Amino acid sequence: MKIAVPKEIKNHEYRVALTPTGVRELTGRGHHVCVESGAGEGAGFPDSAYQSAGATIEQVVEALWQHAELILKVKEPQPEEVARLTPEHTLFTYLHLAAEQSLTQGLMDSGATCIAYETITDAKGGLPLLAPMSTVAGRMAVQAGAHSLEKAQGGSGVLLPGVPGVSPGKVTVIGGGVVGENAARMALGLGADVTILDKSIARLEVLDDRYQGRIKTVYSTADALDHAARESDMIVGAVLIPGAAAPKLITRAMLADMKPGSVLVDVAIDQGGCFETSKPTTHAEPTYLVDGIVHYCVANMPGAVARTSTLGLTNATLPFVLALADKGWQKALADDAHFLPGLNVHNGQITYRAVAEAFGLASVDPSSVVGR
Ligand SMILES: NC(=O)C1=CN([C@@H]2O[C@H](COP(=O)(O)OP(=O)(O)OC[C@H]3O[C@@H](n4cnc5c(N)ncnc54)[C@H](O)[C@@H]3O)[C@@H](O)[C@H]2O)C=CC1
Ligand SMILES: CC(=O)C(=O)O
Ligand SMILES: [Mg+2]
């Protein structure tokens with residue numbers, strides 16, 4: 001199969017979808033891999049490393065897309081990339097469509113087959129291609145939030161660990177999944193006073209057992225959210241309803257109850273964000289103020305630590321990439337009930353129900369598309 005790896009073009013996105021190690025696996029099976037010149041540079045992989053692994057290097061981005069059957073990316077396609085997609089392409093990348101109607105429409109109009117990393121499942125009920133980047137984003141959320149608490153960043157001037165004689169800062173994490181647990185772990189390590197809110201009692205039980213009371217767990221209700229807004233120095237938004245738009249849990253009215261200079265870190269921004277006042281920001285300008293509250297809403301947080309993130313992401317994606325290359329998308333998805341929910345758009349139709357529901361559109365069952 002002809003496989004293409006473009007250089008990512010989103011603001012400050014330095015990850016790459018395939019490492020030279022992955023190229024070696026693919027070329028060893030007889031596939032042809034073409035990498036855009038400089039695609040791996042930001043993650044520490046020069047063109048020469050890809051060439052040594054058997055890839056060809058392409059300087060002209062249009063030619064790279066034109067000759068490809070399978071396109072491997074990291075971030076959702078940007079408008080100029082959507083314009084390059086055709087019905088002959090299979091695209092494998094993060095999509096987060098429920099947050100972006102124009103992208104969804106663009107992918108439908110392209111006729112391409114679009115498979116999202118973030119809706120592939122596993123036998124344990126997890127999201128194995130989202131989890132490594134959620135781990136990174138969760139760990140980064142607290143360092144980004146702690147920096148945002150500094151006065152020069154518009155923050156309240158609270159140091160999360162406190163000092164002897166001064167109480168630590170309070171961190172509330174809404175959603176105790178992969179992002180939430182990793183954020184809480186970092187906040188705990190810094191010495192903050194940490195609380196996790198979740199709708200899942202089963203998940204709160206796991207966290208309570210794992211952290212033996214060092215992290216407080218609270219069932220997420222409107223009252224609990226009000227309390228969190230009043231008391232917290234930092235709130236991390238980490239909820240997910242797979243494939244769907246995030247619920248708005250902290251409203252604009254609640255900002256008035258927060259301490260001035262407190263910080264909201266909305267990691268769930270890639271699914272539209274879980275705070276009413278969130279809007280996507282970039283690494284170039286990561287924060288903004290609303291009613292005196294600092295908002296950090298970067299939608300590609302792991303891109304900033306591209307070396308670690310690329311290695312973590314590609315470890316998880318490689319088995320799926322190999323299946324797509326060896327079998328073609330239809331058989332690869334038909335053979336694997338956990339890979340199948342990755343299919344979001346095919347031949348102009350939405351094949352993931354929560355995405356269609358977000359826009360009041362119809363969806364088709366992915367099984368019917370792959371003949372499963
Ligand atoms: N901004 C960025 O750079 C990145 C963002 N993310 C995003 O972070 C979000 C979280 O991802 P994961 O932790 O992997 O998901 P997860 O599925 O592991 O955890 C989500 C948790 O939210 C809980 N939840 C759902 N609705 C809730 C509600 N109303 N109140 C309280 N808890 C609720 C669930 O019970 C679950 O425990 C996703 O939107 C994901 O796409 C992930 C990686 C990078
Ligand atoms: C999950 C995601 O959107 C990211 O890693 O950028
Ligand atoms: Mg996005």
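Everything below is about the structure printed above this text.
Quick caveat, the model's predicted, so the values are computed rather than measured. (Residues numbered from 1 in each chain as written. Chains lettered and ligands numbered in written order. Predicted model: local features only at pLDDT ≥ 70, side-chain atom pairs only at ≥ 80, totals over all residues. Heavy atoms only, no water.)

Trainee: So what's going on with the site of ligand 1? Residues and values would help.
Mentor: Looking at ligand 1, there are 28 residues lining it, with Ser134, Val179, Asp198, Asp270 and Met301 nearest. At 2.7 Å from an oxygen atom of ligand 1 is found a side-chain nitrogen or oxygen belonging to Ser134. A distance of 3.3 Å separates an oxygen atom of ligand 1 from a polar backbone atom of Ala299. The protein chains hide 88% of the 880 Å² of surface that ligand 1 would expose on its own. Elements with a minimum of two residues in the shell around ligand 1: helix H6 (131-148) and helix H7 (178-190). Examining the composition of the shell around ligand 1, we find that three residues originate from one element, H6, more than from any other. (Near = heavy atom within 4 Å. Polar contact = N/O pair within 3.5 Å; in protein donor to acceptor, adjacent residues only side chain to side chain. Areas by Shrake-Rupley, 256 points an atom, 1.4 Å probe, with all protein chains shown as cover. Helix = DSSP H or I, 4+ residues; strand = E, 2+ residues; numbered from the N terminus.)

Trainee: With reference to specific residues and values, describe H6.
Mentor: Spanning 18 residues, H6 covers 25 Å between terminal C-alpha atoms, matching the ideal 26 Å at 1.5 Å per step. Within the span of H6, buried status applies to Pro132, Met133, Ser134, Val136, Ala137, Gly138, Met140, Ala141, Val142, Ala144, Gly145 and Ser148. Where H6 is buried, its residues contact H7, strand E10 (234-237), strand E11 (263-266), strand E12 (287-290), strand E13 (293-296) and helix H11 (306-327). (Expected span 1.5 Å × (residues − 1). Buried < 20%, exposed > 50% of the residue type's maximum accessible area, 1.4 Å probe, protein only. Contact = heavy atoms within 4.5 Å.)

Trainee: Pulling in residues and values, what's your account of the state of the cysteines?
Mentor: According to the stated counting rule, one finds zero disulfides in the structure shown. Its sulfur unpaired, Cys34 is 20 Å from the next cysteine sulfur, which belongs to Cys114. Here Cys297 is not cross-linked by a disulfide; its sulfur's nearest cysteine counterpart is in Cys274, at 9.2 Å. (Disulfide = S-S within 2.5 Å.)

Trainee: So what's going on with the sheet that holds E11? Which residues, and what values?
Mentor: Taken in spatial order, the seven strands of this open sheet run E9-E8-E7-E10-E11-E13-E12, and their pairing is mixed. At either end of the open sheet lies a strand with only one pairing partner, and these are strand E9 (216-219) and E12. For this sheet, the mean inter-axis angle between neighbouring strands, taken without regard to orientation, is 20°. Pairing between strand E8 (residues 193-198) and E9: four bridges, direction parallel. The partner of Ile196 across the bridge, within E9, is Thr217. Relative to the sheet, helix H9 (residues 222-231) contacts strand E7 (170-174), E8, E9 and E10, its axis offset from that of E7 by approximately 145°. (Pairing = 2+ DSSP bridges. Axes fitted to C-alpha atoms, helices over the stretch in contact; angles between N-to-C directions.)

Trainee: How would you summarise the packing of H7 against helix H8 (residues 201-211) if you had to cite specific residues and measurements?
Mentor: Packing of H7 against H8 leaves a shortest axis separation of 12 Å and a crossing angle of 30°. The pairing of H7 with H8 is recorded here as roughly parallel in orientation. The way H7 lies across H8 gives a crossing that is right-handed. Here Glu181, Arg185 and Leu188 of H7 come into contact with H8, specifically with Arg203, Leu207, Arg210 and Tyr211. In the contact of H7 with H8, the residues fall into three nonpolar, no polar and four charged. (Parallel < 35°, antiparallel > 145°, perpendicular 65-115°, else oblique. Left-handed = near helix turned anticlockwise from the far one by under 90°. Nonpolar A, V, L, I, M, F, W, Y, C, P; charged D, E, K, R; others polar.)

Trainee: Tell me what's going on with the pairing of strand E14 (residues 343-346), and back it up with residues and numbers.
Mentor: In the sheet, strand E6 (residues 113-116) pairs with E14 via two bridges, with the strands oriented antiparallel. Across the sheet, the residue bridging to Cys114 is Val345, located in E14. Bridging between E14 and strand E15 (residues 349-350) involves two bridges; their strand directions are antiparallel. Looking at the pairing, Val345 lines up with Ile350 of E15. In this structure, the hairpin formed by E14 and E15 is closed by a connection of two residues, where Asn347 is found at a positive phi of approximately 50°.

Trainee: An account of the side chain of Asp47 is requested, with residue identities and associated values reported.
Mentor: Looking at where Asp47 falls in the secondary structure, it is placed in helix H2 (residues 47-52). Lys7 provides the closest opposite charge to the buried, unpaired Asp47, separated from it by 8.6 Å. Here the side chain of Asp47 touches Ser37 through a polar contact of 2.7 Å, side chain to side chain. Residues in contact with Asp47, not counting those within four places in the same chain, are Glu36, Ser37, Gly38, Ala39 and Ile57. (Lys, Arg positive; Asp, Glu negative; His and termini not counted. Salt bridge = Lys/Arg side-chain N within 4 Å of Asp/Glu carboxyl O.)

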